[in-house]
Amino acid sequence: VVHSVLVALSTGFTITGNNNARQSSFQLSVISSTKSKNTNAIKITDTRSQSMVQEASTLDIGDVENSNPLVQLSEGYQQLQKEYYLPMAFLQAGVLASTADIATQTMEASSVEIQHVLAMATVASTMSGAANAYWLQQLEQAFPGRETQAVLAKTMIHAVIIASIINSAYLAFVPFLTSAWEGHPSLSNIGWSMEEFITLTKLEILMFIPYNTLAF
């Protein structure tokens, strides 16, 4: 979407191509007035002028598109996602979780507990990031396509099995890793509870099942 918008905006720079068209039209009228008897030469010149205008306009749009730093950034980011799918999923999940945790802590307590941020980033990058990306690859290979049966199978497997594992990892390991980053790790800090697991499962049903259904 970003790429399409930037390309649309960049078409405003095709004024050079329009100026070339005006210049070619003026040249054609001069040739017509001085060589009115040679109509074949005029037609050939007109054809060549139109071809030059089209080539110039295409080059102008391509040059502007390729020189736009935002377009280059978007294309480079997409290329990284294709070439380094799992590492990029790992990094993206860690950055998003860290940012969200910092924002939540700031709104709730006006302060940030760095150890908790690191714990969230660790679980998010490994479970929501790399592990989830790998599992989604396996699901797509096992149930390829967008047919109703394939989409339903992928959605339910992800919701019942994969999402349950990821949610349990957050509940169990975020408190434990927070204490570990504070310097006193203890298994007693593992915070999994059925009540919190049910709460996360409800959130999964309301938000992520519809999203995954559309994505699949």
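Fair warning: this is a prediction, and the values are worked out from it, not measured in the lab.

A. Region of interest: the environment of N212. Looking at the secondary structure, you find N212 in helix α8 (residues 194-215). Distance in space between the C-alpha atoms of N212 and L152 is 9.8 Å, their sequence separation being 60 residues. In contact with N212, other than residues within four places in its own chain, are T155, H158 and E204.

B. Looking closely at the pattern of salt bridges. Going through the model one piece at a time under the given rule, you end up with one salt bridge. For the salt bridge of K154 with E140, the shortest nitrogen-to-oxygen distance reads 2.9 Å. Of the two residues, K154 sits in helix α7 (residues 148-182) while E140 sits in helix α6 (residues 114-142), which places them 14 residues apart along the sequence. K154 gets classed as buried once you look at its relative accessible area, which sits at 0%.

C. Fine view of the packing of α7 against α8. At a minimum axis separation of 10 Å, α7 and α8 run at an interaxial angle of 145°. Judged by the twist between their axes, the crossing of α7 over α8 is right-handed. Judged by residue contacts, V151, T155, H158, A159, A163, S164, N167, S168 and L171 of α7 engage E196, F197, L200, E204, I209, N212 and T213 from α8. Grouping the amino acids of the contact of α7 with α8 by side-chain chemistry returns seven nonpolar, seven polar and two charged.

D. Summary view of helix α4 (residues 69-83). For α4, spanning 15 residues, the distance from its first C-alpha to its last is 21 Å, which sits close to the expected 21 Å at 1.5 Å a residue. For α4, the N-terminal capping position is held by N68, with its side-chain oxygen 3.0 Å away from the main-chain nitrogen of L70.

E. Broad picture of the layout of surface pockets. Volume-wise, the largest pocket comes out at about 900 Å³. At the level of elements, α5 (85-109), α6, α7 and α8 are the ones that each hand at least two residues to the lining of the largest pocket. Broken down by element, the lining of the largest pocket gets its largest block of residues, seven residues, from α8. Taken together, the residues of the lining of the largest pocket break down into 17 nonpolar, eight polar and one charged. Considered as a void within the structure, the second largest pocket measures approximately 160 Å³ in volume. Lining of the second largest pocket is provided by A93, L96, A97, A100, D101, T104, M120, A124, S128 and Y170. Considering every element that reaches the lining of the second largest pocket, the biggest residue donor is α5, with six residues. Among the residues making up the lining of the second largest pocket, the classes are represented as seven nonpolar, two polar and one charged.

F. Spotlight on the packing of aromatic side chains. One pass over the structure, following the stated rule, counts one aromatic pair. Geometrically, the ring pair formed by W192 and F197 is tilted, given 5.6 Å between the ring centres and 35° between the ring planes.

G. Examining the packing of α4 against α5 more closely. Relative to each other, α4 and α5 sit at 115°, their axes nearing to 5 Å. Only Y85, M88 and Q92 of α5 make contact with α4, whose side of the interface consists of Y77, L80, Q81, K82 and E83. The residue inventory of the contact of α4 with α5, partitioned by class, reads four nonpolar, two polar and two charged.

H. How the structure looks around the nonpolar core. Judged by nonpolar contacts, the single largest core of 16 residues is most densely connected at V123, M127, I166, Y170, V174 and L177. Elements with a contribution of two residues or more to this core: α6 and α7. Broken down by element, the residue count for this core peaks at eight residues, all from α7. With residues up to four places along the chain from it excluded, the contact list for I166 reads M127, S128, N132 and W135.

I. Spotlight on α8. Bending of α8 peaks at approximately 40° at the position of I205. Along α8, the residues that are buried comprise F197, E204 and N212. Packing partners of the buried residues in α8 comprise α7.

Scoring rules and cut-offs
Residues numbered from 1 in each chain as written. Predicted model: local features only at pLDDT ≥ 70, side-chain atom pairs only at ≥ 80, totals over all residues. Heavy atoms only, no water. Helix = DSSP H or I, 4+ residues; strand = E, 2+ residues; numbered from the N terminus. Contact = heavy atoms within 4.5 Å. Salt bridge = Lys/Arg side-chain N within 4 Å of Asp/Glu carboxyl O. Buried < 20%, exposed > 50% of the residue type's maximum accessible area, 1.4 Å probe, protein only. Axes fitted to C-alpha atoms, helices over the stretch in contact; angles between N-to-C directions. Left-handed = near helix turned anticlockwise from the far one by under 90°. Nonpolar A, V, L, I, M, F, W, Y, C, P; charged D, E, K, R; others polar. Expected span 1.5 Å × (residues − 1). Polar contact = N/O pair within 3.5 Å; in protein donor to acceptor, adjacent residues only side chain to side chain. 1 Å grid on protein atoms, 1.4 Å probe; cavity = no way out; pocket = protein on both sides within 12 Å on 5 of 7 lines; lining within 4 Å. Points joined across faces, edges and corners; volume = space filled by probe spheres on them. Phe/Tyr/Trp six-rings, centres within 6.5 Å; stacked < 30°, edge-to-face > 60°. Core = buried A, V, L, I, M, F, W, Y, C linked by side-chain atoms within 4.5 Å. Bend = angle between axes of the 7 residues up to and from the residue.

In short, shape yes, function no, at least from these values alone.
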